Amino acid sequence: MRDLMAGLTYLGKGQRWVARNRRQWGFGLLPGLITLAGYAAAVVCLALYAGDAVGWATPFADGWSSPWAGLFRGALTVLLFGGGLLLALISFTAVTLLVGQPFYEELSERVDRSEGGDVPESGLPLWRELWIAARESLAVLVRVAVWGVLLFALGFVPVVGQTVIPALGFCVSGFFLAEELTAVALQRRGVPLRERLRLLRSRKLLALGFGVPLTLLFLVPFVAVFVMPGAVAGATLLVRDLMGEEAAAEDASGGPGPRPEDEGAALG
């Protein structure tokens, strides 16, 4: 339970960090706003043309008598639109992190710098970082999709499917959301995806305490955009805990590192 509360604490610490550094908060908003605009345009297009797409894909229903053709195509249109929205929700964080890789990496570095000690850098060119981030984000999305299919099937089990499975779904979403956010700081430390997953599994309650509340927040429209900079900052602080850097910094200095109150002057 201690790790569970610690994860929630890191979420709060990240939001407080960007609240004290409003310029960094505004800097971190840009990728989310860009991604949101793109997703909004895609959802509008889907709403406008989903019916036409279904009609084009189901020519065999042209000869069906009324009302069966309309009901069939209407149901497919709803499924197509609902599936598109679900895909948007699942992929929004990954795409935002990919679009904002340079922004969030810089933000994460500044959080590390404010906490004292070494500031790890990947040393890779930007195109290489983007390629690695895209490849690993796709691998995470595949894992999420597999879990989604499994949980969807289990949702039809009486009683358990309406109680335990939704709670388990939030836990799975929270864990992978924590992985996506901590990846910003861990990639700078040269930690590959498999090792990141192993680290988070070793501290599951810490990851869930951080990721599950964020998952719930991200269900509220537009909240993800405004919470994302603080989430990246909090994930960086969480990574310092996972890697043992927080304790090392305190041991080296005989006490806690520089506090966020001094960050404004330090960062200029």
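Each remark here, short or long, concerns the structure printed above.
Residue positions within a chain follow its written sequence, with the count starting from 1. This being a predicted model, a pLDDT of at least 70 is required before a residue's local features are given, and a value of 80 or more before pairs of side-chain atoms are given or counted; all residues contribute to the totals for chains, interfaces and linings. Remark: hydrogens and water are excluded; side-chain values derive from all non-hydrogen atoms of the structure.

(A) Quick peek at the packing of aromatic side chains. Aromatic rings from Phe, Tyr and Trp, with only the six-membered ring used for Trp, were paired whenever their centres fell within 6.5 Å, and each pair was classed as stacked if the ring planes differed by under 30 degrees, edge-to-face if by over 60, and tilted otherwise. Applying the stated criterion to the full structure yields six aromatic pairs. Seen in terms of ring centroids, Phe60 and Trp64 are 6.0 Å apart; in terms of plane orientation they differ by 55°. Their pairing is tilted. Remark: exposure states derive from per-residue accessible area (1.4 Å probe, protein chains only) relative to the maximum for the residue type, with buried under 20%, exposed over 50%, and partly exposed in between. Classification of Trp64 as partly exposed rests on a relative accessible area of 37%. Considering the side-chain rings of Trp64 and Phe72, the 5.1 Å spacing of their centres and the 50° angle between planes classify their relative orientation as tilted. On the basis of relative accessibility, which here comes to 28%, the residue Phe72 falls in the partly exposed class.

(B) The arrangement of the pattern of salt bridges in detail. The term salt bridge refers to a pairing of a side-chain nitrogen on Lys or Arg with a carboxyl oxygen on Asp or Glu at a separation within 4 Å. Under the criterion given, the structure shown has nine salt bridges. In this structure, Glu106 engages Arg110 in a salt bridge whose closest nitrogen and oxygen atoms are separated by 2.9 Å. Highlighted residues: Glu106 and Arg110, both in helix H4 (residues 101-115), separated by four residues, approximately one helical turn. When its relative accessible area of 22% is taken as the criterion, Arg110 is described as partly exposed. Asp112 serves as the salt-bridge partner of Arg188, at 2.5 Å between the closest nitrogen and oxygen. The numbering of helices and of strands both runs from the N terminus, where a helix is a DSSP run of H or I of at least 4 residues and a strand a run of E of at least 2.

(C) Seen up close, the nonpolar core. One finds Leu181, Phe210, Leu214 and Val232 to be the most contacted residues of the largest nonpolar core, which totals 44 residues. The contact criterion used throughout is that any non-hydrogen atoms of two residues lie within 4.5 Å. Setting aside residues up to four positions removed in sequence, Leu214 forms contacts with Leu11, Leu177, Leu181, Val227 and Ala231. Buried residues of nine kinds, namely Ala, Val, Leu, Ile, Met, Phe, Trp, Tyr and Cys, make up a nonpolar core once their side-chain atoms join them within 4.5 Å. Among the nonpolar cores identified, the runner-up in size contains five residues, and Ala185, Leu186, Leu199 and Val239 belong to it.

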